[in-house]
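Take a look at the letters that make up each chain.
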Amino acid sequence: MKKTIFMMLMVAGTLATSCSDFLDRMPLTEPNNETYLSTENQVRSYINGMYIALPSYTQYGIGVRGEDKNSDNILSEKYDTRLNGEYTAFSGSTEWSTGYQNLRDINYFFNYYVIDEADENDNIRSLKGEAHFIRAYWHFYLLKRFGNIPIMDSFWDGNATVEGLQIEQKPRNEVARFILKDLEDAKNLLHSRSVYSGLRINKEAAMVLAMNVALYEGSWEKYHANDAFASETNESKYFFQQVIAWGDELFKAGIELNTKDNDPFGAESGADAFANLFNKQDYSKVPEVLFWRKYSVAEGVYHSVTTLLASGVVDNNGAAGLSQSLVDNYLNANGTFINPNDTKYKDFNETFKNRDPRLTETVMSTGHKFRSATITRPMCVKEYQTGESDEIKKSNSEILSPYLTGDGNARNITGYHTTLGVDTTYTNSSFWDTGLPIIRYSEALLAYAEAAEELEQCKDDVLNKTIKALRERAGVTYIKPSEMGKDPNFSDFGYEISANLQEIRRERRSELALQGFRFDDLMRWGAHKLIVNKRGKGAYLGEDGVLYKSFNTSVQETADALKRVLVDNNKWMDPLQALLPNGYQFNPGRDYLLPISPDELALNKKLKQNPGWE
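To start, this report covers the structure provided alongside it. This structure is a prediction, so every number in the text was calculated from the model and none was measured.

In this section: the packing of helix 14 (residues 441-454) against helix 18 (residues 499-512). At a minimum axis separation of 10 Å, helix 14 and helix 18 run at an interaxial angle of 165 degrees. As summarised for this structure, helix 14 and helix 18 are arranged roughly antiparallel, according to the angle between their axes. Here the hand of the crossing between helix 14 and helix 18 comes out left-handed. For the pair formed by helix 14 and helix 18, the contact residues are S442, E443, L446, A447, A449, E450, E453 and E454 on the first element and N500, L501, I504, R505, E507, R508, E511 and L512 on the second. Broken down by class, the residue content of the contact of helix 14 with helix 18 amounts to six nonpolar, two polar and eight charged.

This brings us to the nonpolar core. Counting 165 residues, the largest nonpolar core has I47, F109, F133, L183, F348, M523 and L547 as the members making the most contacts within it. What F348 contacts, discounting residues up to four positions off in sequence, is M364, S365, M379, V381, P402, G415, Y416, A539, V546 and L547.

Close contact between helix 4 (residues 122-146) and helix 5 (residues 172-189) brings their axes to 8 Å; oriented N to C, the two are set at 160 degrees. Between helix 4 and helix 5, the interaxial angle falls into the category roughly antiparallel. Seen along the crossing, helix 4 lies across helix 5 with a hand that is left-handed. Seen from helix 4, the contacting residues are R125, S126, K128, G129, H132, F133, R135, A136, H139, F140 and L143; seen from helix 5, they are R172, V175, A176, F178, I179, D182, L183, D185, A186 and L189. Broken down by class, the residue content of the contact of helix 4 with helix 5 amounts to 11 nonpolar, four polar and six charged.

In a structure, side chains of opposite charge can pair up when their charged atoms sit close to one another. Counted under the stated rule, the structure contains 44 salt bridges. With a shortest N-O distance of 3.0 Å, K69 and D315 are connected by a salt bridge. In this pair, K69 sits in the loop between helix 2 (40-50) and strand 1 (74-76) while D315 sits in the loop between helix 10 (305-310) and strand 3 (320-322), placing the two residues 246 residues apart along the sequence. With a relative accessible area of 15%, K69 lands in the buried category. For D315, a relative accessible area of 2% gives the class buried. For the salt bridge of R518 with D72, the shortest nitrogen-to-oxygen distance reads 2.9 Å. Highlighted residues: R518 in helix 19 (residues 518-524) and D72 in the loop between helix 2 and strand 1, separated in sequence by 446 residues. Among the residues examined, D72 registers a relative accessible area of 15% and is labelled buried.

Rules of the game
- Residues numbered from 1 in each chain as written.
- Predicted model: local features only at pLDDT ≥ 70, side-chain atom pairs only at ≥ 80, totals over all residues.
- Heavy atoms only, no water.
- Axes fitted to C-alpha atoms, helices over the stretch in contact; angles between N-to-C directions.
- Helix = DSSP H or I, 4+ residues; strand = E, 2+ residues; numbered from the N terminus.
- Parallel < 35°, antiparallel > 145°, perpendicular 65-115°, else oblique.
- Left-handed = near helix turned anticlockwise from the far one by under 90°.
- Contact = heavy atoms within 4.5 Å.
- Nonpolar A, V, L, I, M, F, W, Y, C, P; charged D, E, K, R; others polar.
- Core = buried A, V, L, I, M, F, W, Y, C linked by side-chain atoms within 4.5 Å.
- Buried < 20%, exposed > 50% of the residue type's maximum accessible area, 1.4 Å probe, protein only.
- Salt bridge = Lys/Arg side-chain N within 4 Å of Asp/Glu carboxyl O.

Structure follows, in structure tokens:
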């Protein structure tokens, strides 16, 4: 562990340079290049150093739990500037640099790996597979952000001249094919999840990543076919077929969802089984969590996410809250649609009654705790009563409302705090060690269902092993989409989608909320209509509602604080009305891709700028 941490620190120190000068850097260490990667221990040590840049909780931030402020899932006073069209020509420089720095480091491995095939054992081959996975991961990172990019399939240090760096971009579908080839190589080399209990990159995780890559490219090519971001040739059907092919192979691996019947933590319900995927320290016995990151306070590897969630923080950069749009996405527990315009939803508590249990395991509601020992009361929204009787005092003492008043990052601006990942065994510490799932099996089920529907192959057998399985795991009655019909209140993407696709997209949002997927989904679906001129809203805060009544407004400070909460004409919280009076000003002719920095364009004359940034 100490060796791993040391390598992590060394790699972290390489992430602050620009792409223009990255070829001047020394490798991660300064070994003899001819002999360094010649033993299993040396290979493992080097690959361990590449793990630091993969998804992780930040030591002093909210990490992936706050990423969705770049979408319609989280509203934050520190709003996402890309959504508001505020990026400049240099705004993509960090992402470009990060991607190519990591690709340079993994290609160093391929260049200097000197172990003969005859001397390789299964462990060494699996480590080579991890290298292929990492190279695929960083190309996918760049593909999503920039589209057409130069493929870095070799160690470019030998090209460290102006002439040597004149490298053309490849069309995005060619990049996607390269990524899938790397993942095919990875799959054929990697150990299965069971060997390292998901703590290392593994065969099944590589297959899920491949499905995600193929789904992303297939849907991008379909839904951007007629705009400035269209591919040179539309190969959407090919990539959807790739999702199905990888999925058919993955299904043979025997991975199952974590349910109340097989949950190793003793889940009493489907809601518990789902929640336990995010609030535990050790996922080694949870096969659904294919690849995860372990933390340990005792070993000095920890994070502050648990502490921040326990304090009510949704975005550590500013006051924030989960959106009403996210809350409205969840079905009733009996599998039927809700009508968000029903007046009963003005009642904060009615909002959560008899709903998809994933709603209450994602969004804080009455009866759920922020943590255990230091805040022994769960959230409790009910009317504050005046009077001096013991009964009234007891009732009032139970009230713990959303943090709408006060200052700082814990102030909630929508009424909706985060439940996902809250560890109710947490007591009082500055740091904690809840594990982080990086790749889950449920991602594969969702990708498979979506690709099958795009190919018009999503029959009952597909729905039963994907959407039906996910809903029933959570405790939602499954009704076939064809029997439900179209939900008139579902998101309007600006184009028609089938009942099946509607429910698949709903399921993605419910199952993957606050896990970093929503922005990518909106981009690949061409869903700018959900962003442009929109700013989102929060819960109802009219004086006739239980949420407002849960505050003791006889205290002048509290009454004044509630008056400062921004609401719309119908008394629903409208926290960004002053910051974004016209809603987000996302530019659909430009902001789907990041700009290539002028510095990179000056260095490599063969690069072509992305649409709208010329």
